[in-house]
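# Overview (structure and organization)
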Amino acid sequence: MNLKKQSAILKNINMKLIIILFFILSISKNCYSQDVILKDLDNDTIKDEILFDRTNSQIICKLSSQNLIPIKSKKLEDISDVAGIKLTKNGFQFYNHIMRSGYYCQFRYNTKQKKIELIGMSRYNLGDAQRNGIGQSSVNLLTNKYVGDWSRFDIKSKKEIKIPTVTKPYIIKKVYLEEFSLKQPDDFIEFCYNQTLSQYE
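Residues numbered from 1 in each chain as written. Predicted model: local features only at pLDDT ≥ 70, side-chain atom pairs only at ≥ 80, totals over all residues. Heavy atoms only, no water.

### Digging into the side chain of S73
Take S73: it is sitting in the loop between β4 (70-72) and β5 (84-87). Those residues in contact with S73 that lie beyond four places of it in its chain are Q58, I59, L177, E178 and F180. (Helix = DSSP H or I, 4+ residues; strand = E, 2+ residues; numbered from the N terminus. Contact = heavy atoms within 4.5 Å.)

Following this line, the structure appears as structure tokens:
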């Protein structure tokens, strides 16, 4: 076989490999552009769809009792690549992990309003370079109760010092899925930060 034929065959093989690789990547992108989980949220014994649309950064619910009409959150801008959804005992939660911290937002079906309701949020922080701000907090939006457990690092003793548990009321208006955006977790994080900061003073 001469060099010209060998070169033509190799070129043909390379082109096929490129096409196959492009095809695989396209399938992979389509598969991961949406996370889909199934659970009976509205208690009619039929599983409903909960989706996380990564392309549009939205949580979408399709309830069987509401003819699978999509119920969409606001666009969740500037979330991490590892954000997503997962099932909980009574509903589902949205999570967003960012470097050394992250948060969870819990949702459940409200049988009276027939809507998907934000019922709680929680967050964690692994601390900064000086090991300050390590801890976790949560808020139950059904009882309007905030609980925070945090610690700070004392430079003199070189020890981690636990800050007394912070318990405060946390009251906001009811938030349903179609109203949910990053404002709710951002406000929660700011509130939590202010409570922690006050303990340092």
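What follows continues from the structure just given.
### Topic: the nonpolar core
Residues I59, F92, F94, F107, I116 and F180 are the most contacted members of the largest nonpolar core, which totals 34 residues. Put simply, the parts of the chain that give this core at least two residues each are β2 (48-53), β3 (58-62), β6 (91-98), β7 (101-110), β8 (115-126), β10 (145-154) and α2 (183-200). Element by element, the count of residues in this core is highest for β7, at four residues. Look past the residues within four positions of F92 in its chain and what remains in contact with it is I37, L41, I50, I59, C61, K86, L87, C105, Q106, F107 and I116. (Core = buried A, V, L, I, M, F, W, Y, C linked by side-chain atoms within 4.5 Å. Buried < 20%, exposed > 50% of the residue type's maximum accessible area, 1.4 Å probe, protein only.)

### Observations concerning the packing of aromatic side chains
Taken as a whole and judged by the stated rule, the model has nine aromatic pairs. With a centroid separation of 6.2 Å and an interplanar angle of 70 degrees, the aromatic rings of Y146 and F188 are classed as edge-to-face. Pair noted here: Y146 is in strand β10 and F188 is in helix α2, with a separation of 42 residues, a long-range link. F188 sits in the buried class, given a relative accessible area of 0%. Their ring planes at 80 degrees and their centres at 4.8 Å tell us that Y170 and F191 sit as a pair that is edge-to-face. Of the two residues, Y170 is situated in the loop between β12 (166-169) and α2 and F191 in helix α2; the sequence distance between them amounts to 21 residues. By relative accessible area, which is 7% here, Y170 ends up buried. A cation over an aromatic ring shows up here: K115 above the ring of Y176, its NZ or CZ 5.0 Å from the ring centre. (Phe/Tyr/Trp six-rings, centres within 6.5 Å; stacked < 30°, edge-to-face > 60°. Lys NZ or Arg CZ within 6 Å of the ring centre and 35° of its normal.)

### Section: the confidence of the model for the protein chain
Residues shown with low pLDDT carry predicted positions that ought not to be read at fine detail. Put simply, the protein chain has an average pLDDT of 84, and 79% of its residues get 70 or more. In the predicted structure, residues 13-32 sits below a pLDDT of 50 and forms one contact with residues beyond four places in sequence or in another chain. (pLDDT = per-residue confidence, 0-100.)

### Digging into the environment of V36
Assignment of secondary structure puts V36 in strand β1 (residues 34-39). For V36, a relative accessible area of 46% translates into the label partly exposed. Along the chain, V36 and D53 lie 17 residues apart, while their C-alpha atoms are 8.7 Å from each other. For V36, the residues in contact, after removing those within four places along its chain, are I50 and L51.

### Some thoughts on the pairing of strand β11 (residues 159-162)
Pairing of β10 with β11 involves four bridges; the strand directions are antiparallel. Counterpart to F153 in the pairing with β11 is E160. Here β10 hands over to β11 after four residues, with K158 in that stretch at a positive phi of 55 degrees. (Pairing = 2+ DSSP bridges.)

### A short note on unusual backbone geometry
The phi dihedral of N67 falls on the positive side, at around 60 degrees, and the residue is not glycine. Of note, N67 is situated in the loop between β3 and β4. Overall, the relative accessible area of 65% leaves N67 in the exposed class. Positioned with a positive phi, L68 is a non-glycine residue whose angle comes to about 60 degrees. As for its position among the elements, L68 is in the loop between β3 and β4.

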